[in-house]
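The chain contents come next:
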Amino acid sequence: MSKHTSFSLFYVAFISLIAALGGFLMGFDASVISGVVKFIEPEFGLTKLQLGWAVASLTLTATLAMMISGPLADKFGRKTVLKVAAFLFLLSAVLSAVAPSFLILVLARMLGGFGVGAALIIAPMYIAEIAPAKFRGRLVSLNQLNIVIGISAAFFTNYLILQLGSATTPEQDTWNIQQWNWRWMLGLEAIPALLYFFCLNFVPESPRWLLLKNRPDEAKQVLCKTVPEAELEDTLNSIEAGLKQDNQQQQTSLLTLLKPKMRLVMIIGISIAILQQITGINAVFFYAPMIFEQSGFGTDASFMQAVLVGLINLLFTVFAILLIDKVGRKALLIFGVSGIAVCMAMMAFQFGQASYQLDAKALTEIPVEISHESQTALTQTTYMNDLQFKAALVTHLGADIALKHESELIAASVNVNQKWVLISLLGFVACFAISLGPVMWVLFSELFPNRIRGIAISFVGLINSAVSFLVQLIFPWEIATLGVTYTFAFYAIFALIGLAIIIYYLPETKGKSLEELEHILVR
């Protein structure tokens, strides 16, 4: 029996790792755009809202895919939907890399968004259905861990491509890495996407889906490889009971969530869903190099700092996984959200103290002719915030030249405490990764009563995605219109509001049964 169990665990771990590659691709696809925005903005002559749309369009279709991938997986199978997602990742990577226009790039990104949404829902669902109960939590966490690894990998490969392009002359640059750097950043995803599509051939269909389709013999063959023999019959009975319960849940109406007795639990759920995104995490993940350039880091240094963001996110996500069952959900949230408020306030303060003044050398490095009057105005004036400085660039250089060279000129002119900006941003990512990042989904699985859990999680998940889309869309516009200081100050204010809600409304769920929580929250 021990031999069977050992083989079972190895096999389950193997197929779980394959399924979790969907999480890696999701994280990579979502964050690789952070290195691209700097280059596509001048190449396609984008407005700030168009730039935001290039980033946020993926989230829009991912949200739609999250809504339809569950029913599709029930109809066609988990494995089939994952293979379609892998193909969409591959197709999106290739089309994004060769996109001749902004429209084609956005359409390609939206195509990838369908893969992101499907992977986000179906990969952990598949792992949960294939894994033995006592190992389910750790195996499902592989998907979340892979998402974070994918984010880190995107930051690293963006930096690597930038370095490869800088290290070669145009004559040596056989692959046109320097000229097509952003295209290589997007196209590189085709390699893990192709690997994912191929490896899914070694994955069996979910036994739960096979039973759903009245194929018990095939389901039993899969279960023989994934659970100990002594647990086989109990597992089969448990799956069948779960299918009956799901049928009852599917009859639950969305209107059930609006009943007075559900008010408290929905306030908590919706608040956490909004808070996870409104504090700016995806602005940081998807625009990290842009933020660092606003701090005076050069292009290479900005991409390197983005790699640090990914590594900190990975490290503290691991800490969260280790601590969540020991410290508790509410304690982690209070600590993390407090840290988010402090770090964002520090960011706002540092940029509020910044000043901007160019030297003549920075202007001479721009490959365009600038009048003596404009040079004098820019080099002899100290601007007290980023909005004043950007307006002066447009006035004296023209909108096209200012847009093309804005990041270099800001990096050359800004006088800000870079050390504290870096500490604040990395601290923000660490606080998010140990709290709102992983804790939100754990809370959603515990807060809502059994009979409405499915529809409630779908509802708050939709709200979470909608807020994420808006944050990504308007961030470039916020920076250009409100300025860096007020943008980060607003994130700090939202964090403080969320912290108050957590302290006063959220019960600690650690160690409580689902029935106890329902008694506390549903009244």
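The structure under discussion appears in the preceding block.
Heads up: these notes are all about the structure in this document. This is a predicted model, so every value here is computed, not measured. (Residues numbered from 1 in each chain as written. Predicted model: local features only at pLDDT ≥ 70, side-chain atom pairs only at ≥ 80, totals over all residues. Heavy atoms only, no water.)

What follows deals with helix H13 (residues 281-294). Over its 14 residues, H13 extends only 17 Å from the first C-alpha to the last, a length that falls short of the 20 Å expected when each residue adds 1.5 Å. The principal kink in H13, of about 90 degrees, is found at Tyr287, preceding the proline Pro289 by one to four residues. A positive backbone phi angle near 100 degrees is found at Gly296, which sits one or two residues after H13. (Helix = DSSP H or I, 4+ residues; strand = E, 2+ residues; numbered from the N terminus. Expected span 1.5 Å × (residues − 1). Bend = angle between axes of the 7 residues up to and from the residue.)

Even without being a glycine, Asn214 presents a positive backbone phi close to 60 degrees. Inspection of the secondary structure assignment puts Asn214 in the loop between helix H9 (207-212) and helix H10 (216-226).

What follows deals with the packing of helix H17 (residues 372-379) against helix H18 (residues 386-397). Running from amino to carboxyl end, H17 crosses H18 at an angle of 170 degrees, the nearest separation of the two axes being 10 Å. Taken together, the axis directions place H17 and H18 in an arrangement best described as roughly antiparallel. Residue-level inspection shows Ser374, Ala377 and Leu378 of H17 in contact with H18, the latter providing Ala392, Leu393, His396 and Leu397. Taken together, the residues that form the contact of H17 with H18 break down as five nonpolar, two polar and no charged. (Axes fitted to C-alpha atoms, helices over the stretch in contact; angles between N-to-C directions. Parallel < 35°, antiparallel > 145°, perpendicular 65-115°, else oblique. Contact = heavy atoms within 4.5 Å. Nonpolar A, V, L, I, M, F, W, Y, C, P; charged D, E, K, R; others polar.)

Relative to the elements of secondary structure, Thr61 occurs in helix H3 (residues 48-76). In this structure Thr61 touches Arg109, Met110, Gly113 and Phe114, once residues within four positions along its chain are discounted.

What follows covers a nonpolar patch on the surface. Together, Leu64, Met67, Ile68, Leu72, Phe76 and Leu462 line one region of the surface with nonpolar side chains, adding up to about 510 Å² of accessible area. Counting residues per element, the nonpolar patch draws most heavily on H3, at five residues. (Patch = residues over 30% accessible without salt bridge, like charges linked within 9 Å, V, L, I, M, F, W, Y side chains within 5 Å. Areas by Shrake-Rupley, 256 points an atom, 1.4 Å probe, with all protein chains shown as cover. Salt bridge = Lys/Arg side-chain N within 4 Å of Asp/Glu carboxyl O.)

Here Gly27 lies in helix H1 (residues 2-31). C-alpha separation for the pair Gly27 and Thr63, spaced 36 residues apart in sequence, amounts to 15 Å. The contacts of Gly27, once residues within four sequence positions are left out, are Ile147, Gly150 and Ile151.

Quick look at the environment of Leu72 now. With respect to the helices and strands, Leu72 occurs in helix H3. Judged by relative accessible area, Leu72 falls into the partly exposed class, the value being 36%. Sequence separation of Leu72 and Gly398 is 326 residues, and the distance between their C-alpha atoms is 51 Å. (Buried < 20%, exposed > 50% of the residue type's maximum accessible area, 1.4 Å probe, protein only.)

Between helix H2 (residues 37-44) and H3, the least distance of the axes is 10 Å, while the angle of their chain directions is 130 degrees. Relative to H3, the element H2 lies oblique. Considering only the axes of H2 and H3, their crossing is right-handed. Across the interface between the two elements, Val37, Ile40 and Glu41 of H2 pack against Lys48, Leu51, Ala54 and Val55 of H3. Per-class residue counts for the contact of H2 with H3 are five nonpolar, no polar and two charged. (Left-handed = near helix turned anticlockwise from the far one by under 90°.)

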